[in-house]
Amino acid sequence: TLFSNKKKKRKKICYIFFIVVNEFCERFSYYGMRAVLVLYFRYFLLWDDDLATSIYHAFVALCYLTPILGAIIADSWLGKFKTIIYLSIVYAIGQVTMAISTIHDITDANRDGTPDNFTFHIALSMLGLILIALGTGGIKPCVAAFGGDQFQEHQSRQLNTFFSVFYLCINAGSLLSTLITPLKSVASTLMVFIAGSGMYVKTDPEGNIMWSVCKCIGFAIKNRFRHRSSSYPKREHWMDWANEKYDKLLIAQIKMVLKVLFLYIPLPMFWTLFDQKGSRWTLQATTMSGDFVSILISTVNPILILTLVPIMDRLIFPLIQKCGLNFSPLKRMTVGMLFAAMAFVSAALVQIEIDKTLPNFPSSSESQLKVVNTYSTTLNVTISPNEHLLIESFGSSADYVTFDHQDITVSLNTNPVITKAFSLIKGGRQTLIIPSDPTVMYLKEDVKSKPREGKNAIRFVNGYTADLNITNLDSIEPSATTNYTLVNQGKRDFVLRHGEQWCEFSRKFGFGASYTFLIPSTVFSDDCESITEVEDMKPNSVHMALQIPQYFLITTGEVMFSVTGLQFSYSQAPKNMKSVLQAGWLCTNAVGNIIVLIVAELGKLPKQWAEYLLFASLLVAVSIIFSIMAYFYTYIDPAEIEAQVRKEQGLEPEEMEKETLEMEEKDEDQKNEQGVKQTKI
Ligand SMILES: NCC(=O)N1CCC[C@H]1C(=O)O
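Residues numbered from 1 in each chain as written. Predicted model: local features only at pLDDT ≥ 70, side-chain atom pairs only at ≥ 80, totals over all residues. Heavy atoms only, no water.

**What to know about unusual backbone geometry**
We count it as follows: Only DSSP runs of H or I reaching four residues or more are called helices, and only runs of E reaching two or more are called strands; each is numbered from the N terminus.
Pro 416 follows Asn 415 through a cis peptide bond whose omega is 0 degrees. Along the chain, Pro 416 turns up in the loop between strand 6 (407–412) and strand 7 (418–423). Positive phi, close to 70 degrees, is recorded for Ser 479, a residue that is not glycine. With respect to the element layout, Ser 479 can be found in the loop between strand 11 (469–470) and strand 12 (485–487). If you check the backbone angles, Cys 528 has positive phi at about 70 degrees while not being a glycine.

In structure tokens:
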């Protein structure tokens, strides 16, 4: 018996391995594709930032809504195993469609490197994304529930460990996908899963369960309405109004599911904060210094998950238990939410530090102006009515001057005096360029927000007497100013050319700065030494390492909230509705994403730190509501309730036989364990 039990255990570890590796590969494919999705929208489909991020969030929301479809198919029709196989094929077709949509050659008839028919590429990529969402979302509740199905009633500890390992694999897949390309991963997902086919415990679907559930709920509501008069005796639960027509067991199962779904109502707020990691926090990072921005953003969460899940599971939770505290699943989820709220308080504190270093940008009714002088002598510049600036040759005004009106007149103390009227842009920043011929002075628009992704915005003013060519830029005419170009942090070299003459100059850049380089007429004779630099915007000075506490707090929150939520959703669901409740759990994520899309993207507060604090307060309020709801929730053993109802109905179903068998098996396990102990002694 000992030998056969060990064999059974090894076999179980083996097929659980297939399931978690399947999840690993699936998440590898999903996160790998998601990581480059916004780049694809921005640089291939040439969408602007807003459209790209909106479609991205809509896609993520869809991925967490489709689990409902997958769960209905699995629990009512195909069963979890077949649903995973078929929807994985849909998933793979989606990835291939998406990959084809990125081949610009398909419509690039003139071979200029850009597609000629954007509609075709957009249509194909949207079709690909819908199929991917159907695949990834559809299989997600089934894989988690299918993994849970491999355990027996008495193996709750092993079940919890399974969900922790499952979550580890999700994040190992996500981490690796950012380091390696996700090619071939869907195919391998499918192959790994099929490889374990013969070993799995497969529970059969019980007919069109979802349809029966809907009909039963509909009947209960209708019946309650028909008997609304106070002359009818009240019933314990509103679902009991379905007693006349529906099976008591089905009613009991619906009650269990509804109780949990009701508890889930406040949960999307956690995901609303969590999902802002990818939007608001990424933007915050672009206003900070440190050269690990992209690595930090894409890997810190999965790395922390890989370390925190084992620490929580093996150390923190057992320690709390040893202290005699009952840290029940719903309490863990509440604490998880509070950690996420603390993460946002931390983000707000970091934002306050950043704001101290940010330039004073104009409000929507103000205009800002800076003056650059490339004339041969120092100039006295008067800007009506009473702004006087003394600007030396190849220099600039110290900082931007702010005006609350747009129409200005500029006078230069040249001989004769030159006067010119300008109209400034409302809410904009501009530079008045005074070239070698001051009569043609002109305005050039400046950047008025930090350059994206921590890059630096640079431009050149040509004070040379002829056209100049600068590395990677179009040729500039004399007195003209180039548009801004974005350059990465670090040392950058530029070569300036005019005919046979050339010189090279280098600059070291930090993060998020903006410069105007003034090229004098002597540029070639002094080997580029005389090029002067005007700092339009200071480089970022708050280090990105300050974001680590907020990532740490939100991931600690995630471990407590998300891993526990996954376990809770499985343990509280009746056997035939495990996938449905998993889907309900995943839907909280979809709703969270939709809230990000609507509230966070549209309704921005003027101060970012205030918005972070608002979200933190909202989550604290929601977690208080949730803890009150949790207080009134009684944990159930669905199998026990089902058995009780069956007994009340006088049924002696096979389920009960199975349970008896499980109990016998459990007794045997215990006996064997004792046997092992006795042998050791
Ligand atoms: N670390 C993020 C993570 O693991 N997840 C976020 C949503 C649920 C879960 C996933 O399944 O990807």
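Next comes the rest of the write-up.
**Section: the packing of helix 12 (residues 329–357) against helix 15 (residues 608–631)**
How we decide: Convention adopted: a line fitted to C-alpha atoms gives each axis, helices being fitted over their contacting stretch, and angles between N-to-C directions are expressed from 0 to 180 degrees. Each angle is binned into one of four classes, with values under 35 degrees roughly parallel, values over 145 roughly antiparallel, values of 65 to 115 roughly perpendicular, and all other values oblique. The classification used treats Ala, Val, Leu, Ile, Met, Phe, Trp, Tyr, Cys and Pro as nonpolar, Asp, Glu, Lys and Arg as charged, and all other residues, Gly among them, as polar.
Where helix 12 meets helix 15, the closest approach of the two axes is 8 Å, and the angle between their N-to-C directions is 170 degrees. Taken together, the axes of helix 12 and helix 15 are roughly antiparallel relative to one another. Here the contact of helix 12 with helix 15 is built from residues that sort into 21 nonpolar, five polar and one charged.

**Points about the nonpolar core**
This is how it is decided: By nonpolar core is meant a set of buried Ala, Val, Leu, Ile, Met, Phe, Trp, Tyr and Cys residues that side-chain atoms within 4.5 Å join together. Type-normalised accessible area, obtained with a 1.4 Å probe on protein chains alone, sets the label of each residue: buried when under 20%, exposed when over 50%, and partly exposed for intermediate values. Any pair of residues with heavy atoms lying within 4.5 Å of one another is described as a contacting pair.
Ranked by internal contacts, the top residues of the largest apolar core, which has 115 residues, are Phe 59 and Trp 585. Those residues in contact with Phe 59, other than ones at most four positions away along the chain, are Tyr 30, Met 33, Arg 34, Leu 37, Leu 129, Ile 132 and Ala 133. Membership of the second largest hydrophobic core comes to 21 residues, among which are Tyr 464, Leu 468, Ile 519 and Phe 524.

**Things to note about the packing of aromatic side chains**
Inclusion rule: Only rings of Phe, Tyr and Trp enter the pairing, Trp through its six-membered ring, and a pair is recorded when the two centres are within 6.5 Å. The plane angle decides the type: under 30 degrees is stacked, over 60 is edge-to-face, the rest tilted. Only when the NZ of Lys or the CZ of Arg is both within 6 Å of the ring centre and within 35 degrees of the ring normal is a charge said to sit over the ring.
Under the criterion given, the structure shown has 39 aromatic pairs. Consider the rings of Trp 281 and Tyr 551, whose centres lie 5.2 Å apart with planes at 80 degrees: the pair is edge-to-face. With Trp 281 in helix 10 (residues 280–285) and Tyr 551 in helix 13 (residues 548–571), this residue pair connects regions lying 270 residues apart in the sequence. An aromatic cluster is present here, built from Tyr 264, Phe 270, Trp 271, Phe 274, Phe 561 and Trp 585 joined pairwise through their rings. Positioned above the aromatic ring of Phe 317, the side-chain terminus of Arg 332 is 3.9 Å from the ring centre.

**Section: helix 7 (residues 209–226)**
Just so we agree on the cut-off: To estimate the expected span of a helix, count its residues, drop one, and scale the result by 1.5 Å.
Over its 18 residues, helix 7 extends 25 Å from the first C-alpha to the last, a length consistent with the 26 Å expected when each residue adds 1.5 Å. Every buried residue belonging to helix 7 is among Ile 209, Met 210, Val 213, Cys 216, Ile 217, Phe 219, Ala 220 and Asn 223, and all of these are buried.

**Examining the pattern of salt bridges**
The condition is simple: Should a side-chain nitrogen of Lys or Arg be within 4 Å of a carboxyl oxygen of Asp or Glu, the pair is scored as a salt bridge.
Counted under the stated rule, the structure contains 13 salt bridges. A salt bridge links Glu 611 to Arg 280, with the shortest nitrogen-to-oxygen separation between them at 2.8 Å. Residue Glu 611 is found in helix 15, and its partner Arg 280 is found in helix 10; the two are separated by 331 residues along the sequence. Note that Lys 491 and Asp 493 form a salt bridge whose closest N and O atoms lie 3.5 Å from each other. Here the salt bridges do not stand alone but share partners, grouping Lys 370, Asp 446, Arg 459 and Asp 536 into one network.

**Remarks on the site of the ligand**
What counts is decided by this rule: Any residue with a heavy atom lying within 4 Å of a molecule or strand is counted as near it. A 3.5 Å cut-off defines polar contacts: any pair of N or O atoms within that distance qualifies, except that in protein one atom must be a possible hydrogen donor and the other a possible acceptor, and neighbouring residues in sequence count only when both atoms are side-chain atoms. Here, Shrake-Rupley sampling with a 1.4 Å probe gives the accessible areas, and only protein chains in the shown set may cover a residue.
In the vicinity of the ligand, the residues found are Arg 27, Tyr 31, Tyr 64, Lys 140, Tyr 167, Ile 170, Asn 171, Trp 271, Phe 274, Asn 301, Glu 558 and Asn 589. A distance of 2.4 Å separates an oxygen atom of the ligand from a polar side-chain atom of Tyr 31. Contact with the protein chains covers 93% of the free accessible surface of the ligand, which is 320 Å². Elements supplying a minimum of two residues to the shell around the ligand: helix 1 (2–44), helix 5 (156–179) and helix 9 (268–274). The element contributing the most residues to the shell around the ligand is helix 5, with three residues.

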